[in-house]
Amino acid sequence: MMKFLELKKVNHRYESSIREALGRVIDSGWYLLGKEIEAFEAEFADYCGARHAIGVGSGLDALALIIKAYGFGPGDEIIVPANTFIATVLAVTMCGAEPIFVEPDERNYLIDVKKIAEKITSRTKAIMPVHLYGQACDVASICSFAEKHGLKVIDDAAQAHGTTLLKSFDPVDFQGRAAGYSFYPGKNLGALADAGAVVTNDADLAEKIKALRNYGSHEKYYNKYVGSNSRMDEFQAAILSIKLRGLDEDNAARRKTANYYLKAIINDNVILPGVPENAGDHVWHLFVVRSKKRDALKDYLEENGIQSQIHYPVPPHKQECYPQYNGLSFTIAERLADEVLSLPISPVMKEVEAAKVVEVINAFK
């Protein structure tokens, strides 16, 4: 069986360096907020073309801490796409704010920038574009719109490590912006446990988030804010520093497989993902096709020894945990949830494996 993602193979390439780094951390006797995270934060900020990176416990925490640091809460609205992983919306509601859903562009699955203006009210405080599946939204247009309306931009970059537009963090010189990253093990830049980071050019915001992640404290036992415990540990920071050095090469390998899929998959029952010209380099965290026969296609792939996955079968507004939104209707987001299917793609995928995926899909009827 061809696995959807073989994390053991992905990480095996770095095994000796990782073991050495773990030993170094153990020997140091310092496991939180030490030299390893300071080094990774500096490296990741530089990689993203930003002034500040703050390591936190998860991608969800990164988003929630940004919202909290901006002071948004009950009575405030934050624009989110109607198709995304639940963490995007959880970050908003955890802080007491209200998510306002916007339909995606069904060609590329990203938030439809043209529809954001329709949802702006006097209570809108921020736009949260999700750079879904590894493709960057039109950040220049979003930041320009946000600046005109006095809004913040909170990037959900959990799946977009190394996307060109996010490696030049502030392309339109807009300061009211911060991005949340996830380093969940399956990400393009994955730790060996949960971890996340906030990236921003706002020095005041960065300092506040550093305190919020550490019980609201800059100095032990002196708490300036009502914070939380969300600290990336030294082990994960050391591992991420190692893997960051290979991220561009890994993304190039993903891009090679994706380009092959885009050229070689030819089946009227399968809709390939669109890539807008202004999206920068897609890093293909996921390669997501659509089919009205999605479930049959998934079963067919399984029967032929190929694992695939569905990201995501239920949109946030239809989740049981949000009964207050269940009555809402977002036609495009709901259609995508019924049709999307993620094919195998990773930096260690072999050409012969990609060829088998293409062969099987092209034979599907």
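Each remark here, short or long, concerns the structure printed above.
Residues numbered from 1 in each chain as written. Predicted model: local features only at pLDDT ≥ 70, side-chain atom pairs only at ≥ 80, totals over all residues. Heavy atoms only, no water.

Undergrad: Tell me what's going on with the side chain of Ser-342, and back it up with residues and numbers.
TA: Tracing the chain through its elements places Ser-342 in strand S11 (residues 340-343). Overall, the relative accessible area of 0% leaves Ser-342 in the buried class. Side-chain polar atoms of Ser-342 contact the side chain of His-311, separated by 2.9 Å. If we ignore the near neighbours within four places in the chain, the residues touching Ser-342 are Phe-4, Leu-286, Phe-287, Val-288, Ser-308, Gln-309 and His-311. (Helix = DSSP H or I, 4+ residues; strand = E, 2+ residues; numbered from the N terminus. Buried < 20%, exposed > 50% of the residue type's maximum accessible area, 1.4 Å probe, protein only. Polar contact = N/O pair within 3.5 Å; in protein donor to acceptor, adjacent residues only side chain to side chain. Contact = heavy atoms within 4.5 Å.)

Undergrad: Outline the nonpolar core, listing residues and values.
TA: With 34 residues, the main nonpolar core has Ile-67, Ile-78, Met-128, Ile-154 and Ile-209 as its most contacted residues. Among the elements of the structure, strand S1 (52-56), helix H4 (59-70), strand S2 (77-81), helix H5 (86-94) and helix H8 (203-212) are those that each provide at least two residues to this core. A total of eight residues in this core trace back to one element, the largest contributor, which is H4. Setting aside residues up to four positions removed in sequence, Ile-67 forms contacts with Phe-72, Ile-78, Ala-91, Val-92, Cys-95, Met-128 and Ile-154. In this structure, Leu-132, Cys-137, Leu-151 and Leu-286 belong to the second largest nonpolar core, which totals 26 residues. (Core = buried A, V, L, I, M, F, W, Y, C linked by side-chain atoms within 4.5 Å.)

Undergrad: Lay out helix H10 (residues 247-264) with the relevant residues and their values.
TA: Taking 1.5 Å of rise per residue, the 18 residues of H10 would be expected to cover 26 Å, and the 26 Å separating its terminal C-alpha atoms lies within 8% of that figure. Restricting attention to buried positions, one finds in H10 the residues Leu-247, Asp-250, Asn-251, Arg-254, Thr-257, Ala-258, Tyr-261 and Ala-264. Buried residues belonging to H10 abut helix H3 (35-47), helix H9 (234-244), strand S10 (287-290), S11 and helix H13 (351-362). (Expected span 1.5 Å × (residues − 1).)

Undergrad: Lay out the environment of His-285 in plain terms, naming residues and giving numbers.
TA: Considering the arrangement of structural elements, one finds His-285 in the loop between H10 and S10. Residue classification places His-285 among the buried residues on the basis of a relative accessible area of 9%. His-285 sits 48 residues away from Ala-237 along the chain, and the two C-alpha atoms are 21 Å apart. With residues up to four places along the chain from it excluded, the contact list for His-285 reads Tyr-133, Gly-134, Gln-159, Gly-186, Lys-187, Asn-188, Arg-254 and Ile-345.

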